[in-house]
Amino acid sequence: METFGIDFKELPVKGNTRKRLYGSVELDRIKEHIRKFKEVGFNHLVAISCIDWIDDGKFEVVYHLWSYEELVDIFLSVMIDRDNPSLQSVKELFPQAETYEREMHEMFGVYFDGNDRLTEFILEDWDGPPPMRKDFDTKKYAEERFYSVPPVGDVDEGV
Amino acid sequence: MKEYELFIGPQHVGITGNFMVHLTLEGDTVVSAEAHPGYLHRGFEKLMERRDWSMNVALIPRICVPEPDVNEAAYAMAVESLMGWDIPERAKYIRTIVLELARISAYLLAIGGYAGTIGLYTAPQWMMGDRDYILDLFEELTGARVYHIFIFPGGVRWDIPDGFEERVKKVMDYLESRLQLYDELLFKNEVFFRRAPNIGVIPKDKAVEWGVTGPNLRACGYDYDVRRLDPYAAYEEMDFDVISYPDSVKGFDILSDGCDCYARMVVRRVELQESIKIIRQAVDNLPPGEVTLKRPNPLAWKVPKGYAYARVESSKGEYGYFVVSNGGKNPYRVHVRGPSYTHGINVIETILKGSNIADVSPIMFSLDICPPDIER
Amino acid sequence: MSIVKPFKALQHLFKKPHTVRIPYQEHTDITGLPVPTERYRGFHSNDIQKCIGCQLCGRVCPANAITYEKFENVESKIKLRPVVDYGRCCYCGFCVDVCPTKSLKLTPRYELVSPNIKDFKFIPTAEIAGKDDKAISMSEVLFSPKDYKPSE
């Protein structure tokens, strides 16, 4: 299997059977690596995920590809800065990547260059910070915003 | 002609669940379509970061409503990868039986739903009645009818009760006798032959690039199935065929080239028979032994650092869980990859252009879109 | 040929219907076994004398449904016993798996109808487990430790 100069390490697998390989790529070469892997046979984009490492001050974006001929998974991981996150879009190679990028823009605040459809997707009329980041406290937000119902036992008799 | 807009809204008989499609029409023909999810967002990925590894098993089946066992199986396999556990043989066979029973009940819902959109309302009523016998089997084995909470990392929770094998065989004999009735009612019906072929066609050379998986991809002619390409549980020892159109469907007329509503429905009907075959083999060859490894203390269970991904073949496509741990008591990040994420938004917006308005509902039901796993 | 065959479905008009009229008929599965079986996960039952008050069930509950109240005439060192809020319980059974003395169990009884919201938060006792009736009545459950009378 061609590796194009990336140093892959194997992830542990129990339950399923095939190999899973994980490698890191620099920010300015990620799109051409995805294009090279797609031409070799990795033409199924499984998912694009984002992980918030708040202690290091970085986001990690993982592109997951699978090949039906060689039966191997590869994970290409890119580290970007947490204060001003932006990446190039891969919409021309895989049309379904538009949906994954819309969700990451809404939930984490990452900007994708080349995707002109970064509008609201799941949350409606949302005016707070991006909710999936680690410094967003859901309990505090709910207590400040919504009218709270007292627990059972403190209400008056009747319904 | 002038154009007008139509909102097929979140409470509608022609949509599978809570989902909205915004159409722009010119006369009877659709000019453009836009999908609006977001009515079922419950925030599962953020909720899972505040609970322990074993408390999450009670939360996870609630992501996908028609077929909850695939969630439990994928999460259990991902956690076992990180811990390095090998589960006993008897647990693998019991997991296979539970997953195949869930697949049959989800196929009955899908085929019944499609028949309702072309006007045949007898088929959904019969199929919901037959699905009830499968839910009774689940209740005897696991203790609940819909949300089972049975597959746990390390094995399954309890062993099978006495007399369970004869009851499973009786239900399988009953279902096989009903398949002939379904053929006469729906699959050899003249109305089905006129309304299903060449509707909702996905171009064959672009299907894999668009992210189509599961029975929809097998209807295009590719014979890709996760149970054969990346086997899990006890599927390596089972003898079954992978059904693709038009090579492996026997007994049904070939009316089109593939990738349309007719092919998708016929593939699901033939796979019902393969699932019944797998359950019979698993029940006859159950190995003896234990059903679970020794479970750790749930209040002090730490999983080592790493990344893991597990995939399962559900009745709608490829279902996957990507779990990231940093050595603590709670998961650090869980990403759920549902099969309807690609089918429900990008594929629908491209296929519905140029079709008749009466074909919008049959196309959506034949792709089997499940809105809870788009916006978990 | 394929236009006439679907009319064969009309013969089902004269067969026995599939519906089961509960509670006039008994609900069984395809072989005659009455459902729900004994593994069904319904309301809790707890033996007040056998329970030792270790509070593990409350720490493991994923829905935070269990709180505790102090009892008087019990013999264990910690005198707290669990109170379950059935508006929050999800009937998963983790509290049963973790109980060290096996005094907390789940019974196949599931019916409770009441116009008063306070009836849905009660202290389960050992009497709930023995009956066959699917519906719970208010005389079988405790609402406060003062009502507890140790039986012989």
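Quick notes on the rules
- Residues numbered from 1 in each chain as written.
- Chains lettered and ligands numbered in written order.
- Predicted model: local features only at pLDDT ≥ 70, side-chain atom pairs only at ≥ 80, totals over all residues.
- Contact = placed C-beta atoms within 7 Å.
- Helix = DSSP H or I, 4+ residues; strand = E, 2+ residues; numbered from the N terminus.
- Pairing = 2+ DSSP bridges.
- Axes fitted to C-alpha atoms, helices over the stretch in contact; angles between N-to-C directions.
- Nonpolar A, V, L, I, M, F, W, Y, C, P; charged D, E, K, R; others polar.
- Parallel < 35°, antiparallel > 145°, perpendicular 65-115°, else oblique.
- Left-handed = near helix turned anticlockwise from the far one by under 90°.
- pLDDT = per-residue confidence, 0-100.
- Core = buried A, V, L, I, M, F, W, Y, C linked by C-beta atoms within 7 Å.
- Buried ≥ 20, exposed ≤ 12 C-beta atoms within 10 Å, placed from the backbone.

Observations regarding the interface of chain C and chain B
Often, the extent of an interface is quoted as the loss of accessible area on bringing the components together.
Stage number 1. In this complex, chain C contributes 24 residues to the contact, which on the side of chain B involves 24 residues.
Stage number 2. Looking at the side of chain C that touches chain B, the elements that each hand over two or more residues are α1 (56-60) and α2 (94-98) of chain C.

What about the sheet that holds strand β7 (residues 318-325) of chain B?
Residues and elements named next belong to chain B.
Stage number 1. Judged by pairing direction, the sheet is antiparallel, and its 3 strands sit side by side in the order β6-β7-β8 without closing on themselves. Of all the strands in the sheet, the pair left with one neighbour each is β6 (306-313) and β8 (333-337). Between one strand axis and the next, the sheet turns by 10° as a mean value, whatever way the strands run.
Stage number 2. In the sheet, β7 pairs with β8 via 5 bridges, with the strands oriented antiparallel. Counted as the bridge partner of Gly320 is Arg337 from β8.
Stage number 3. The strands touched by helix α2 (residues 69-83) within the sheet are β6 and β7, with β6 carrying the most contacts at an inclination of about 145°.

Quick notes on the sheet that holds strand β3 (residues 80-85) of chain C
Residue and element names in this part refer to chain C.
Stage number 1. Pairing in this open sheet of 3 strands is antiparallel, and the strands run β2-β3-β5 from one edge to the other. Only two strands of the sheet have a single partner each, and these edge strands are β2 (66-70) and β5 (121-122).
Stage number 2. Across 5 bridges, the pairing between β2 and β3 is antiparallel. When the bridges of β3 are listed, Lys70 appears paired with Leu80.

Re the interface of chain B and chain A
Stage number 1. With 38 residues of chain B at the contact, the number on the chain A side is 32 residues.
Stage number 2. For the side of chain B that touches chain A, the class distribution of residues is 18 nonpolar, 10 polar and 10 charged.

Observations regarding the packing of helix α4 (residues 122-142) of chain B against helix α5 (residues 164-187) of chain B
All names here are of chain B.
Stage number 1. For the pair α4 and α5, the least separation of the axes is 11 Å and the interaxial angle reads 170°. Between α4 and α5, the crossing angle belongs to the class labelled roughly antiparallel. Residues Thr122, Ala123, Asp130, Tyr133, Ile134, Leu137, Glu140 and Leu141 of α4 form the contact with α5, whose own contacting residues are Phe164, Arg167, Val168, Val171, Tyr174, Leu175, Arg178, Leu185 and Leu186.
Stage number 2. Along the lines of polarity and charge, the residues of the contact of α4 with α5 split into 12 nonpolar, 1 polar and 4 charged.

A closer look at the packing of helix α3 (residues 89-117) of chain B against helix α9 (residues 261-284) of chain B
All names here are of chain B.
Stage number 1. The interhelical angle for the contact between α3 and α9, taken along N-to-C directions, is 155°, at an axis separation of 9 Å. As judged from the angle between their axes, α3 and α9 are roughly antiparallel. When the axes of α3 and α9 are compared, the crossing they make is left-handed. Of the residues in α9, those in contact with Tyr93, Thr96, Ile97, Glu100, Leu101, Arg103, Ile104, Tyr107, Ala110, Ile111 and Tyr114 of α3 are Met265, Arg268, Arg269, Glu271, Leu272, Ser275, Ile278, Ile279, Ala282 and Val283.
Stage number 2. A per-class count over the contact of α3 with α9 returns 14 nonpolar, 2 polar and 5 charged.

As for the confidence of the model for chain C
Note that predicted coordinates carrying low pLDDT should not be read in detail.
Stage number 1. Taken residue by residue, chain C gives an average pLDDT of 85. The fraction at 70 or more is 97%.
Stage number 2. Here the predicted complex carries an ipTM of 0.91, next to a pTM of 0.93.

What to know about the nonpolar core
Stage number 1. Ranked by internal contacts, the top residues of the largest apolar core, which has 132 residues, are Ala74, Ala78, Val79, Tyr321 and Val323 of chain B.
Stage number 2. Here the element with the most residues in this core is α3 of chain B; it accounts for 17 residues.
Stage number 3. With sequence-adjacent residues up to four places away left out, Ala78 of chain B is seen in contact with Ala308, Tyr309, Ala310, Tyr321 and Val323 of chain B.
Stage number 4. By size, the runner-up hydrophobic cluster in this structure holds 11 residues, among which are Ala65, Cys95, Phe122 and Ile123 of chain C.

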